[in-house]
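Each chain, letter by letter, is given below.
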Amino acid sequence: MVKIFRLKHIISIKDFEREDVEYILDEASKLEDIAKSREISDELKGKILGLMFFEPSTRTRISFETAMKRLDGQCIGFTSSGSSSVSKGESIADTAKMFEGYSDALVIRHELEGVSKFISDVVDVPVINAGDGAGQHPTQTLLDLYTIKNEIGSIDNLRIALIGDLKFGRTVHSLSQALGLFDNVKIYLVSPPELRMPQEVLIDLNKTNVEYEEVTNIEDIIDDVDVLYVTRIQKERFADINDYLKIKGAYIINKKMLEGKDVIVMHPLPRVDEIDTDVDDTEFNKYFTQAANAVPVRMAILKTLIKNNPK
Ligand code: CP
């Protein structure tokens, strides 16, 4: 049977069925050799990707750019609102219309939830949400799932702890919703009471077969999980800096607490202090592999969306 990818835009992981996730992970596996051997395939020769980054990024922007170049395409774009004419008062809709005229797909990062969805309604090229405020980060989720599948062998039957800022951390919102597509998954939601997973995400989880439990201490669950998925406390999203300072440093993973455990450590990065650098040189560290996996996964996303939706 010929498999197809149904979606024109990647806005929310909630738009995905399990087959859509599996399609991208399979495509990424096929492209991994090109990514790892640092070769170029001509799949997107002559195509242009528009990168509209209103909010800072290292991994997402640079890995999308790398992915496009590995497929022989090119990139245009800006890296902050201040370096675009939005700073002169141009609307987001008009800015997106300009990019629609110049490029074959758009990648959007913005500090406000819903901006990628809004842009997908005003342009006729594929739109990819590269993180919208505390909302979603669906392409991060796809590379997280790719990493879990490669490292653990399967996403079904997974035992995972999501640790840290579950309130503002968009990667854990998308990831937990995606895990709802798989079988026999247990999620431990580890956070201070102030940073619990939002109710709307829990409501989505309640509609799936995922079992979840809210806990406060890592020690209570570390022996029961395959993956510790650690996140940064999102300082920039606190209205009052004192609330951030009270919680800062709540969870710090170090080598000593991992010794003897059958677990891997993942993190969407950037990290501040939540994983001690003494973990970097251990077999527990999969966060740098995870970041490198962004290239084949984003190659798969770009190839699929741009080839499925020619201008
Ligand atoms: N993981 C992630 O989104 O990193 P950046 O903010 O550096 O893109």
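Structure report, in brief. (Residues numbered from 1 in each chain as written. Predicted model: local features only at pLDDT ≥ 70, side-chain atom pairs only at ≥ 80, totals over all residues. Heavy atoms only, no water.)

1. Things to note about the packing of aromatic side chains
Move 1: In total, this model carries seven aromatic pairs according to the counting rule given.
Move 2: Aromatic side chains phenylalanine 54 and phenylalanine 78 sit 5.1 Å apart centroid to centroid with 75° between the ring planes, which places their arrangement in the edge-to-face category. Of this pair, phenylalanine 54 sits in the loop between β1 (48-53) and α2 (59-70) while phenylalanine 78 sits in strand β2 (residues 74-78), and the two are 24 residues apart along the sequence.
Move 3: For phenylalanine 78, a relative accessible area of 8% puts it in the buried group.
Move 4: Among the aromatic side chains, those forming a connected cluster through ring pairs are Phe5, Phe16 and Tyr23. (Phe/Tyr/Trp six-rings, centres within 6.5 Å; stacked < 30°, edge-to-face > 60°. Helix = DSSP H or I, 4+ residues; strand = E, 2+ residues; numbered from the N terminus. Buried < 20%, exposed > 50% of the residue type's maximum accessible area, 1.4 Å probe, protein only.)

2. Quick notes on the site of the ligand
Move 1: Taken together, Ser57, Thr58, Arg59, Thr60, Arg109, His137, Gln140, Pro268 and Leu269 are the residues near the ligand.
Move 2: The separation between an oxygen atom of the ligand and a polar side-chain atom of arginine 109 is 2.8 Å.
Move 3: Between a nitrogen atom of the ligand and a main-chain N or O atom of proline 268, the distance comes to 2.8 Å.
Move 4: Protein contact buries 91% of the 250 Å² of open area that the ligand shows by itself. (Near = heavy atom within 4 Å. Polar contact = N/O pair within 3.5 Å; in protein donor to acceptor, adjacent residues only side chain to side chain. Areas by Shrake-Rupley, 256 points an atom, 1.4 Å probe, with all protein chains shown as cover.)

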